[in-house]
Amino acid sequence: MKRFTRLFTTLDQTTKTTLKTKALAEYFITAPDEDKLWCIALFSGRRPKRAINATELRNLAAEQARIPLWLFEESYPIVGDLAETISLVLPPPTRDSDLPLSRWIEQLRAMTGLPLDERKAQILDAWDQLDTAERFVFTKLVTGGFRIGISRKLMTRALAQATDQDEAALALKLMGNWTPETTSYHDLIEKDDPRADGSRPYPFYLAYQLESEAKNLGPPADWQAEWKWDGIRGQLILRDGEHHLWSRGEELLTDRFPEFERAPDFLPDGTVFDGELLAWDDGPLPFATLQPRITRKTVSKKLLRDAPVSLLAYDLLEIGGDDIRHLPLKERRQCLETMLENAPPDSPVRLSPKLDFESWDALADTRATARTHRAEGLMLKRCDAPYLAGRKKGDWWKWKLDPLTVDAVMIYAQQGHGRRANLFTDFTFAVWNGNELTPFTKAYSGLSDSEFEEITRWVRRNTLQRFGPVRQVKPEHVFEIAFEGIQESPRHKSGIALRFPRMSRWRRDKPVNEANSLNDLKSLLKLYG
Amino acid sequence: MTDPVLTFTDRGIYCPAGDFYIDPWRPVDRALITHGHADHARPGHGRYLATHAALPVMRHRLGDITAEGIAYGETRQIGGANVSFHPAGHLPGSAQIRIEVDGYVWVASGDYKTTDDGFCEPYEPVRCHSFITECTFGLPVFTWEPQAKVAEEINAWWQTCVAEGKTALLGAYSLGKAQRLLSLLDPIGPILTHGAVEATNEILRTQGYALPETIHVTPDLDVKAQKGALVLAPPSALGSQWARRFRNPSTSFASGWMRIRGIRRRRGMDRGFVLSDHADWPGLQEAIKATGAETVYATHGYTEIFSKWLKEEGYDAHVLQTEFGDDGQSEEAV
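Just so it is clear, the structure is predicted and the values come from calculations on it, not from any experiment. (Residues numbered from 1 in each chain as written. Chains lettered and ligands numbered in written order. Predicted model: local features only at pLDDT ≥ 70, side-chain atom pairs only at ≥ 80, totals over all residues. Heavy atoms only, no water.)

Engineer: Can you walk me through the overall build of chain B in this structure?
Structural biologist: When helices and strands are counted, chain B shows eight helices and 19 strands. Radius of gyration (C-alpha) of chain B: 20 Å, near the 20 Å computed for a compact globule of 334 residues. Split into buried and exposed, the 334 residues of chain B put 60% on the buried side. Restricting to contacts in chain B with at least 6 residues of sequence separation, those with at least 24 account for 59%. Taken as a whole, chain B presents about 12,800 Å² of accessible surface, with 48% of it coming from carbon and sulfur. Across chain B, the 31 positively charged side chains and the 41 negatively charged ones have centroids separated by 7 Å. (Helix = DSSP H or I, 4+ residues; strand = E, 2+ residues; numbered from the N terminus. Rg over C-alpha atoms; globule rule 2.2 N^0.38 Å. Buried < 20%, exposed > 50% of the residue type's maximum accessible area, 1.4 Å probe, protein only. Contact = heavy atoms within 4.5 Å. Areas by Shrake-Rupley, 256 points an atom, 1.4 Å probe, with all protein chains shown as cover. Lys, Arg positive; Asp, Glu negative; His and termini not counted. Charge placed at Lys NZ, Arg CZ, Asp CG, Glu CD.)

Written as structure tokens, this is what we have:
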């Protein structure tokens, strides 16, 4: 645990990517195999299950620290992280030990199913032999949350350095449905069989937002344009008579989307599609319709009927079991079109159309109509480009519509978590409804650190009322709220819900009475909802 | 019931019997000052009273003031009040002020830390009936490691910087924390100082506080020639143009706030050392207990939470709204 905690501390202390990579690579060279495997698992989102629920854990920590629970609860938002709060309030350890990371995780896994008292005793015993930093790491593992700002890409690069392997090949090995319980470091990393697991997806190719005018991209004939759909990116894999559906966040979604069960009936084995999962009924449905399909693990018949899902396929990565990512897009597109030509009309896999265009100006006109097609804008892809791994500039661009905006008044503020603990970063905004301010959205992002610090000082001095962690503030500041879509929502007081709301500008120039009204929002709803 | 010894006004803490204020934040005729930090020693008062040790820095910072010095432990009668100043352990010259009127004793502690840092006059508990306590770090998550351990971390970081050919940039408030750090540094290499730090160093050296040799960073100093140097500067200078002259820097910051990971990360420094001139959670409990006070006023920090806790512990505890610090992390309050 000491070695892993040292790694964690080093990663946490620096903002420099090169130093992080170096520290990780060193860990991958020196740590025992079992620990390396868990380290890879943790940094690729494969966390052990929660060993105890958060309420029990808080009680246990407060009791051990000999403080009342309310005092623990007051401290938590100031620290901003539960595991950290616990590690800071506990009395110093009475013993010292250095069990390897994998042993601690083994113990945590063995805990599930034990009676609560037994689990509590084991956790107390662990806290008593770990120092503050080790306790933090251990308690993070206990709570089942382990996000520390190390991207999978960075971890993969470090592992590639440490093992002298190609980064892309390694990324492929790390994808898929493995856990440290089902494989070993040797089998996963060192063995030479990247396709041992038939469900393994390819790393997604991700696009950047277009930086300059589209016409700077060169002749239109070199480019393919498609709608940029507002769904979730997915990879559908047909191998060995089975099908697997992956999200871009590498979540295996197969069971949540039974629509694709019949894909192997009319699509050949050894095929991998890249596309967008959309709620679809003769055409795209609003994103809100798709939402329950993403979150719910069991799918009722009613839900299946109300929110049928299709994959709008726009790329083909594997055909006849062969990886064709190196082929130029126009050839992959050809294969994709041929493959879907004879699919039945109600096929859950559909071809995402190509948008033909003669000139960039003509395409700009098409782009302007994107919202009426329930698209966020366009995707531009270079016709002779291979399918790359990860976020790369040059061949794929997002050409999104400019966001919709409204000017709104900040009325509530709440402190952030983690890096933003002690700063007011979570705000509720309102628009005018007659003489009243009606709240309609929250937003957390879009301001710079120094703006957040400024608004934090202002909130402290201008609090009207406190409701637990939420402060009602003087309605004095107007912010421009940008968002990607607007929908009706009976759950909200305002009757509307926004997609991706964020603060795009602090309108210091605008007095509060010039903020937008609920009627303004309703007209946007009529246009784009 | 007799009148209270101290009352709380919009100018600051006031003693009606002696007609004076303690650390007032608006101009008054007569001000008793606990220590020289800007949120406690403000300009514009008619007369100042502070410890002999605190005065030179105050004069430097406030300019031409009418001020009188007093020795630690010396009792002075002001109107109907007897006042005396006692070490607060916060920084050189810092004091708690004891006020006695008709046998009732109040102590205004200013800022304090209970552990002996080996540099400034160590904190002494003063018995009283009512105690005004700061609670900058009045939460159970704030407990300090022994100073020797933190010093070891800082020196190890400096050593690493030297080995890697980096300049060690250490951020610390220029009055108090900077000098305490100087007293903790091993003789690893030359110590360079920002003007704000050096000005305080000079004053304290003249007063007889033992500080290691430092080199003031002036425009004509060849910083490249200072191999293996550590640079001590106020935190605000570390991100400024001033700091760009140091090649390949490793930045760090020494403050009690560095105990919290989120705050540490937001500072964007390479390292954060948990070193404070304020009492930690156990220190506050210990200090309050040692005064024997039944009534406690909490100011400067997590006042609501801290006074609620004290009430549960059986004290007659109150929140005192002051304009010390800034409900958080002003540079003075670290």
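Engineer: Explain the sheet that holds strand S9 (residues 95-101) of chain B here, please?
Structural biologist: Sheet strands associate in pairs through backbone hydrogen bonding, adopting either a parallel or an antiparallel arrangement. All names here are of chain B. In space, the seven strands of this open sheet follow the order S7-S8-S9-S10-S11-S18-S19, with mixed pairing throughout. Two strands close off the open sheet at either side, each with one partner strand: strand S7 (75-78) and strand S19 (316-319). Taking the axes of each pair of neighbouring strands and ignoring which way they run, one obtains an average angle of 25 degrees across the sheet. Here strand S18 (residues 295-301) pairs with S19 via four bridges, running parallel. The residue of S19 that forms the bridge with Thr295 is Asp316. (Pairing = 2+ DSSP bridges. Axes fitted to C-alpha atoms, helices over the stretch in contact; angles between N-to-C directions.)

Engineer: Explain the domain arrangement of chain A here, please?
Structural biologist: Residue and element names in this part refer to chain A. Here chain A is described as being made up of domain 1 (2-143), domain 2 (205-400) and domain 3 (404-528). A straight line from the C-alpha centre of domain 1 to that of domain 3 covers 36 Å. Summed over both sides, the interface of domain 1 with domain 3 buries roughly 360 Å², with 46% coming from carbon and sulfur. Broken down residue by residue, the surface that domain 1 buries against domain 3 is led by Pro77, Ile78 and Gly80, which jointly contribute 78%. At the junction of domain 1 with domain 3, the criterion picks out zero residue pairs in polar contact (both at pLDDT 80 or more). (Domains from an automatic or database assignment. Buried area = accessible area lost by both parts, 1.4 Å probe. Polar contact = N/O pair within 3.5 Å; in protein donor to acceptor, adjacent residues only side chain to side chain.)

Engineer: How do you make sense of empty space enclosed by the protein when you look at a structure like this?
Structural biologist: If a probe the size of a water molecule is rolled over the atoms, the empty space left behind becomes visible. For the structure on display, the rule yields six cavities of 30 Å³ or more. If you add up the space inside the largest cavity, you get close to 70 Å³. Among the residues forming the lining of the largest cavity, the class breakdown is five nonpolar, six polar and two charged. (1 Å grid on protein atoms, 1.4 Å probe; cavity = no way out; pocket = protein on both sides within 12 Å on 5 of 7 lines; lining within 4 Å. Points joined across faces, edges and corners; volume = space filled by probe spheres on them. Nonpolar A, V, L, I, M, F, W, Y, C, P; charged D, E, K, R; others polar.)

Engineer: Looking at this structure, how should I read the nonpolar core?
Structural biologist: Most often, soluble globular proteins have nonpolar side chains that are buried together. Counting 112 residues, the largest nonpolar core has Phe4, Leu24, Phe43 and Phe138 of chain A as its most contacted members. Sequence-distant contacts of Phe43 of chain A, that is, excluding residues within four places in its chain, are made with Phe4, Leu7, Leu11, Leu24, Phe146, Ile148, Ile150, Arg152 and Met155 of chain A. (Core = buried A, V, L, I, M, F, W, Y, C linked by side-chain atoms within 4.5 Å.)

Engineer: Sorry if this is basic, but what is going on with the sheet that holds strand S14 (residues 215-216) of chain B here?
Structural biologist: All names here are of chain B. Spatially, S14-S13-S15-S12-S16-S17 is the arrangement adopted by the six strands of the open sheet, whose pairing is parallel. Edge positions in the sheet fall to S14 and strand S17 (271-273), since each of these pairs with one other strand and no more. In the packing of helix H3 (residues 177-184) onto the sheet, the strands contacted are strand S12 (167-171), strand S13 (191-193), strand S15 (230-233) and strand S16 (249-254), and the crossing angle to S15 comes to about 155 degrees.

Engineer: Would you take a moment to explain unusual backbone geometry for this structure?
Structural biologist: Backbone geometry follows two general trends: most residues other than glycine have a negative phi, and most peptide bonds adopt the trans configuration. Residues and elements named next belong to chain A. Here Asp164, not a glycine, exhibits a phi torsion of approximately 60 degrees, which is positive. For Asp164, the position within the fold is in the loop between helix H10 (152-163) and helix H11 (167-174). Residues other than glycine seldom take positive phi values, yet Phe500 does so here, at roughly 50 degrees. On the secondary structure map, Phe500 appears in the loop between strand S20 (496-499) and strand S21 (502-506). Phe500 gets classed as partly exposed once you look at its relative accessible area, which sits at 47%.

Engineer: Looking at this model, I keep getting lost on helix H5 (residues 69-79) of chain A. Mind explaining?
Structural biologist: Every α-helical turn comprises 3.6 residues, leaving residues that sit three or four positions apart pointing alike. Within H5 of chain A the residues assigned to the buried category are Trp70, Leu71, Phe72, Ser75, Tyr76, Ile78 and Val79 of chain A. On the buried face of H5 of chain A, the contacting elements are helix H4 (54-65) and helix H6 (82-89) of chain A together with helix H7 (281-291) and helix H8 (303-312) of chain B. In the segment just after H5 of chain A, Gly80 of chain A is the residue with positive phi, at about 90 degrees.

Engineer: Any chance you could explain the domain arrangement of chain B here in plain terms?
Structural biologist: Interfaces are often described in size by the accessible area the parts lose on coming together. Residues and elements named next belong to chain B. Domains assigned within chain B are domain 1 (7-141 + 277-333) and domain 2 (147-273). For domain 1 and domain 2, the distance between their C-alpha centres works out to 28 Å. With 25 residues of domain 1 at the contact, the number on the domain 2 side is 25 residues. For the domain 1 and domain 2 pair, buried surface summed over both sides reaches about 2,200 Å², with 60% attributable to carbon and sulfur atoms. Between domain 1 and domain 2 we count two salt bridges in total. Between Asp277 and Arg180 there is a salt bridge, and its shortest N-O distance comes to 2.5 Å. Taken together, the connections running from domain 1 to domain 2 amount to seven residue pairs in polar contact (both at pLDDT 80 or more). Grouping the amino acids of the side of domain 1 that touches domain 2 by side-chain chemistry returns ten nonpolar, eight polar and seven charged. (Salt bridge = Lys/Arg side-chain N within 4 Å of Asp/Glu carboxyl O.)

Engineer: What is the right way to look at the pattern of salt bridges in this model?
Structural biologist: Here the idea is simple: oppositely charged side chains can pair when their charged atoms come close. Per the counting criterion, the structure on display carries 44 salt bridges over all chains. In this structure, Glu181 of chain A engages Arg109 of chain A in a salt bridge whose closest nitrogen and oxygen atoms are separated by 3.4 Å. Highlighted residues: Glu181 of chain A in the loop between H11 and helix H12 (185-190) and Arg109 of chain A in helix H7 (residues 101-111), separated in sequence by 72 residues. Its relative accessible area of 44% is what places Glu181 of chain A among the partly exposed residues. Arg109 of chain A gets classed as partly exposed once you look at its relative accessible area, which sits at 36%. Across the salt bridge formed by Arg76 of chain B and Glu74 of chain B, the nearest N and O atoms sit 2.9 Å from each other. Judged by its relative accessible area of 19%, Arg76 of chain B is buried.

Engineer: I keep staring at the packing of H7 of chain A against helix H9 (residues 132-142) of chain A and nothing clicks. Help me out?
Structural biologist: Axes are the key here: two packed helices are described by the angle between their axes and the distance separating the axes. Residue and element names in this part refer to chain A. Put simply, H7 and H9 touch, their axes get as near as 10 Å, and they point 35 degrees apart. Viewed along their axes, H7 and H9 form a crossing whose handedness is right-handed. In this structure, H7 contributes Leu101, Trp104, Ile105 and Leu108 to the contact, and H9 contributes Phe138, Leu141 and Val142. When grouped by side-chain class, the residues that make up the contact of H7 with H9 number seven nonpolar, no polar and no charged. (Left-handed = near helix turned anticlockwise from the far one by under 90°.)

Engineer: Explain the interface of chain A and chain B here, please?
Structural biologist: The partner chain B presents 25 residues to the 29 residues of chain A that form the contact. Summed over both partners, the interface of chain A with chain B comes to about 2,600 Å²; 51% of that surface belongs to carbon and sulfur atoms. On inspection of chain A and its partner chain B, the count reaches four salt bridges. Note that Arg265 of chain B is salt-bridged to Asp12 of chain A, the shortest N-O span being 2.5 Å. Put simply, the parts of the chain that give the side of chain A that touches chain B at least two residues each are helix H1 (2-13), H5, H6, H9 and helix H18 (449-461) of chain A.

Engineer: It is not clear to me how the state of the cysteines should be interpreted in this structure. Could you clarify?
Structural biologist: Cysteine pairs can be covalently joined through their sulfur atoms, and such a bond is termed a disulfide. Residues and elements named next belong to chain B. A full pass over the atoms with the stated rule returns zero disulfides over all chains. We note that Cys135 lacks a disulfide partner, and the nearest cysteine sulfur, in Cys128, lies 16 Å from it. The buried category is assigned to Cys135, whose relative accessible area is 0%. (Disulfide = S-S within 2.5 Å.)

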